[in-house]
Amino acid sequence: MRILVVGSGGREHALCWKLAASPLCDKLYCAPGNAGIAAEAECVPIGAEDVEKLVAFAKGEAIDFVVIGPEAPLVKGLADRLEAGGIAAFGPSAKAAEIEGSKGFMKDLAAKYGIPTARYARFTEAEPAKTFARTFTPPIVIKADGLAAGKGVVIAASHAEAAAEIDAMLGARKFGAASAEIVVEEYLEGEELSFFALTDGTHALPLASAQDHKRVGDGDTGPNTGGMGAYSPAPVATRDVEAAILERIIRPAVAGMAAEGRPFKGVLFAGVMVTGDGPKLIEFNCRFGDPECQALMLRMKSDLLPALIAARDGTLANFDLRWSGETALVVVMAAEGYPEKPKTGTLIRGLDAAGAVEGVTLFHAGTRRNAAGEIEASGGRVLGISALGRDAADARDRAYRAVDAIDWPGGFCRRDIGWRAIGR
Ligand code: AMP
Ligand code: GLY
């Protein structure tokens, strides 16, 4: 098969690494890819959101299957456009990607189909939003309805802060069209985890659990990021918790989306809070998490490609995947200044030594080669140092041994990835 992966991050590097290992894969392209992905796939300089060019490329190169990594092209309808052009694509239609593209839509879906989630309401006017916010004891959660590059959720510590945030989003259009509508909701207390399932529109095949580290600094301090590290499995996801997530969150969502005429095919990513009252849905995403995907791909023993094809074809029932019982842990190395103003163009050395550490695989997220052929940083999150180990502590030790072999004065990472799992 001739395969095209769309995206340029660590998630897409992990997908390319796994797909390149499939005996079914004859030729692998990635658009636009990065310097690490170039070792697995032929990179083509087309942006992940350039729908027209991607469709033209897929047709011109007789691509058999396209795997779409990020949410933005899915919400823009890349999967629909490819399928309409006769090219099979992994990833939901634009109508199904609304599950991530509109927080209000996702909350209404949960309410309609009995999925446990935080109490909420949707607003386009500031005054009624503030009145509703006053019905909660702080903290209060304010969310932009649309995609806001992971920055659209604010946890307000007081009613005054909530009111100011409501004005910033609805009044000043802090996130442009994405905050023309907002969701105001109850704050959920508990431990957060990510859960992933492949779905074919009807069936859900559970993949695995993971935990991310959203804040930039050690001890979960500082601004939110796309994710500074992750591991899988998440110990908080006991057998009972996983069963509850499947029965009360994933399956009703898959059935609900089908009933709404928006069958969801692809990977359904549930952000879940494990509360005293059982698991509750925080949000759905319509794609793999980044860096959670890197941890999942390290643990997946089976061939990924037939599973993705089965999700697209509607033949996931009775499909099974084998997983390593080991823990996979990813430490993200970011460019100095991330998330506000990452400094790009700094030289990275020592990658070969790092990659030689036992159990370690390096996934690139934001790298390019300079004129001299050396690797330099080209984005905010730059590398995902990933390791398998017999438990979280072992995987962490291996990952940090590799981190310490990297010579990159322009980069940094958190030193406490895995603390929740290791502290248990
Ligand atoms: P997002 O940027 O959409 O991934 O969400 C940001 C983060 O906000 C989530 O990962 C949670 O940690 C937090 N969050 C969102 N909604 C709630 C809620 N209702 N209660 C507590 N935390 C929340
Ligand atoms: N790491 C969280 C996300 O991909 O949304």
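Sequence positions are assigned chain by chain, starting from 1 and proceeding in written order. Lettering of chains starts at A and numbering of ligands starts at 1, both following the order in which they are written. Only residues with pLDDT of at least 70 are given local features in this predicted model, and only at 80 or more are side-chain atom pairs given and counted; all residues enter the totals for whole chains, interfaces and linings. Each side-chain value is derived from all of the structure's non-hydrogen atoms; neither hydrogens nor water enter the calculation.

Asks: What is the right way to look at the overall build of the protein chain in this model?
Replies: Secondary structure is summarised from DSSP: a helix means a run of H or I of at least four residues, a strand means a run of E of at least two, and numbering begins at the N terminus for each. Each helix and strand counted, the protein chain has 14 helices and 22 strands in total. Values of the radius of gyration come from C-alpha atoms, whereas the globule rule sets the reference at 2.2 Å times the count of residues to the power 0.38. In summary, the protein chain has a C-alpha radius of gyration of 21 Å against a globular reference of 22 Å for 424 residues, a match within 12%. Per-residue accessibility, obtained with a 1.4 Å probe over protein chains only, is compared with the maximum for each type, and a residue is labelled buried under 20%, exposed over 50%, and partly exposed between these values. Within the protein chain, the fraction of its 424 residues that count as buried is 58%. Within the protein chain, residue pairs in contact and separated by at least 24 positions form 67% of the contacts whose partners lie at least 6 positions apart. Reported accessibility uses the Shrake-Rupley method at a 1.4 Å probe radius. Residues are deemed covered only where the shown protein chains occlude them. For the protein chain, the accessible area works out to roughly 16300 Å², and carbon and sulfur atoms hold 50% of it. His is not counted, nor are the chain ends; Lys and Arg add positive charge and Asp and Glu add negative charge. Charged side chains are reduced to one point each, which is NZ for Lys, CZ for Arg, CG for Asp and CD for Glu. Computing the positive centroid from 47 side-chain charges and the negative centroid from 55, the protein chain places the two 1 Å apart. It only takes one pair of heavy atoms within 4.5 Å for two residues to be counted as in contact.

Asks: In this structure, what is going on with the pairing of strand 14 (residues 229-232)? I would like to understand it.
Replies: It is a general feature of regular strands that their side chains alternate between the two faces of the sheet. Residues Gly-229 and Tyr-231 point to one face of strand 14 and Ala-230 and Ser-232 to the other, with burial holding for every one of them. Paired strands, in this sense, are two strands between which DSSP finds at least two bridges. Two strands pair when backbone bridges link them, and strand 11 (residues 204-212) and strand 14 are joined in this way by 2 bridges, in the antiparallel orientation. Following the sheet pairing, Gln-211 is matched in strand 14 by Tyr-231. Where strand 14 meets strand 17 (residues 327-335), 4 bridges bridge the pair, whose relative direction is antiparallel.

Asks: Explain the site of ligand 1 here, please?
Replies: Working definition: residue near molecule or strand if any one of its non-hydrogen atoms lies within 4 Å of it. Around ligand 1, a shell composed of 16 residues is seen, among which Glu-185, Glu-186, Leu-188, Glu-192 and Glu-283 lie nearest. Glu-186 places a main-chain nitrogen or oxygen 2.9 Å from a nitrogen atom of ligand 1. At a separation of 2.6 Å, an oxygen atom of ligand 1 approaches a polar side-chain atom of Glu-283. Burial of ligand 1 by the protein amounts to 89% of the accessible area it has alone, namely 490 Å². Asp, Glu, Lys and Arg are counted as charged, while Ala, Val, Leu, Ile, Met, Phe, Trp, Tyr, Cys and Pro are counted as nonpolar; the rest, among them Gly, fall into the polar class. Across the shell around ligand 1, the residue classes tally to 8 nonpolar, 1 polar and 7 charged. The start and end points of each domain follow an automatic or database-based domain assignment. Both domains that meet at the shell around ligand 1, namely domain 2 (125-180) and domain 3 (191-313), each give it at least three residues. Here a polar contact is recorded for every N or O atom pair within 3.5 Å, except that within protein the pair must consist of a potential hydrogen donor and a potential acceptor, and residues adjacent in sequence are included only if both atoms are side-chain atoms.

Asks: In this structure, what is going on with the site of ligand 2? I would like to understand it.
Replies: Surrounding ligand 2, one finds Asp-212, Lys-214, Gly-226, Phe-269, Arg-287, Gly-289, Asp-290, Pro-291 and Glu-292. Asp-290 is positioned such that a nitrogen or oxygen atom in its backbone is 2.9 Å from a nitrogen atom of ligand 2. The separation between a nitrogen atom of ligand 2 and a polar side-chain atom of Glu-292 is 2.8 Å. Coverage of ligand 2 by the protein amounts to 88% of the 200 Å² it exposes when considered alone. Considered class by class, the residues forming the shell around ligand 2 number 2 nonpolar, 2 polar and 5 charged.

Asks: Help me understand the pattern of salt bridges in this model?
Replies: As a working rule, side chains carrying opposite charge can pair if their charged atoms are close by. In the sections that follow, a salt bridge refers to a side-chain nitrogen of Lys or Arg positioned within 4 Å of a carboxyl oxygen of Asp or Glu. Taken as a whole and judged by the stated rule, the model has 32 salt bridges. Its salt-bridge partner being Arg-349, residue Glu-374 comes within 3.5 Å of it at the nearest N-O pair. Residue Glu-374 is found in the loop between strand 19 (367-369) and strand 20 (375-377), and its partner Arg-349 is found in the loop between strand 17 and helix 12 (351-355); the two are separated by 25 residues along the sequence. Among the ionic pairs, Arg-415 bridges to Asp-404, the shortest N-O distance being 3.1 Å. You can see Arg-415 sitting in the loop between strand 22 (411-412) and helix 14 (419-423) and its partner Asp-404 sitting in helix 13 (residues 392-405), a full 11 residues away along the chain.

Asks: What am I meant to see in unusual backbone geometry here?
Replies: Negative phi characterises most residues that are not glycine, and trans characterises most peptide bonds. The amide bond that connects Ala-31 to the next residue, Pro-32, takes the cis arrangement and shows omega of -5 degrees. Structurally, Pro-32 is set in strand 2 (residues 27-32). The omega angle of the peptide bond from Ser-232 to Pro-233 is 0 degrees, so this bond is cis rather than trans. In the Ramachandran plot, Asp-220 falls in the positive-phi region, its phi being about 55 degrees despite a non-glycine side chain. Tracing the backbone through its elements, the reader meets Asp-220 in the loop between strand 12 (215-217) and strand 13 (221-224). Judged by relative accessible area, Asp-220 falls into the partly exposed class, the value being 25%. In this structure, Asn-318 is a non-glycine residue whose phi angle is positive, near 70 degrees. Note that Asn-318 resides in the loop between helix 11 (304-313) and strand 17.

Asks: Sorry, what's going on with the nonpolar core here?
Replies: One recurring pattern in soluble globular proteins: nonpolar side chains tend to sit buried together. Residue types Ala, Val, Leu, Ile, Met, Phe, Trp, Tyr and Cys, when buried and joined through side-chain atoms within 4.5 Å, form a set referred to as a nonpolar core. Core analysis: the biggest nonpolar cluster contains 52 residues, and Val-66, Leu-82, Ile-99, Leu-193, Ile-250 and Phe-284 have the highest contact counts within it. Ranked by residues supplied to this core, first place goes to helix 9 (residues 239-259) with 8 residues. When we break this core down by domain, the ones giving at least three residues each are domain 1 (2-94) and domain 3 (191-313). Excluding anything up to four places from it in sequence, Val-66 contacts Leu-4, Val-6, Ala-58, Leu-82, Ile-87, Ala-88, Ala-89 and Phe-90. Ile-37, Phe-196, Leu-207 and Phe-363 belong to the second-largest nonpolar core, a separate cluster that totals 43 residues.

Asks: Explain the packing of helix 5 (residues 94-101) against helix 6 (residues 103-112) to me, please; I cannot follow it from the model alone.
Replies: All axes here are fitted lines through C-alpha atoms, helices being fitted over the stretch that makes contact, and every angle between N-to-C directions spans 0 to 180 degrees. Where helix 5 contacts helix 6, the axes come no closer than 6 Å and their chain directions differ by 95 degrees. Classified by the angle their axes make, helix 5 and helix 6 are roughly perpendicular. Of helix 6, the residues touching helix 5 (which contributes Glu-98, Ile-99 and Gly-101) are Lys-103, Phe-105, Met-106 and Leu-109. Of the residues assigned to the contact of helix 5 with helix 6, the class counts are 4 nonpolar, 1 polar and 2 charged. In this scheme, roughly parallel covers angles under 35 degrees and roughly antiparallel covers those over 145, while 65 to 115 is roughly perpendicular and the rest are oblique.

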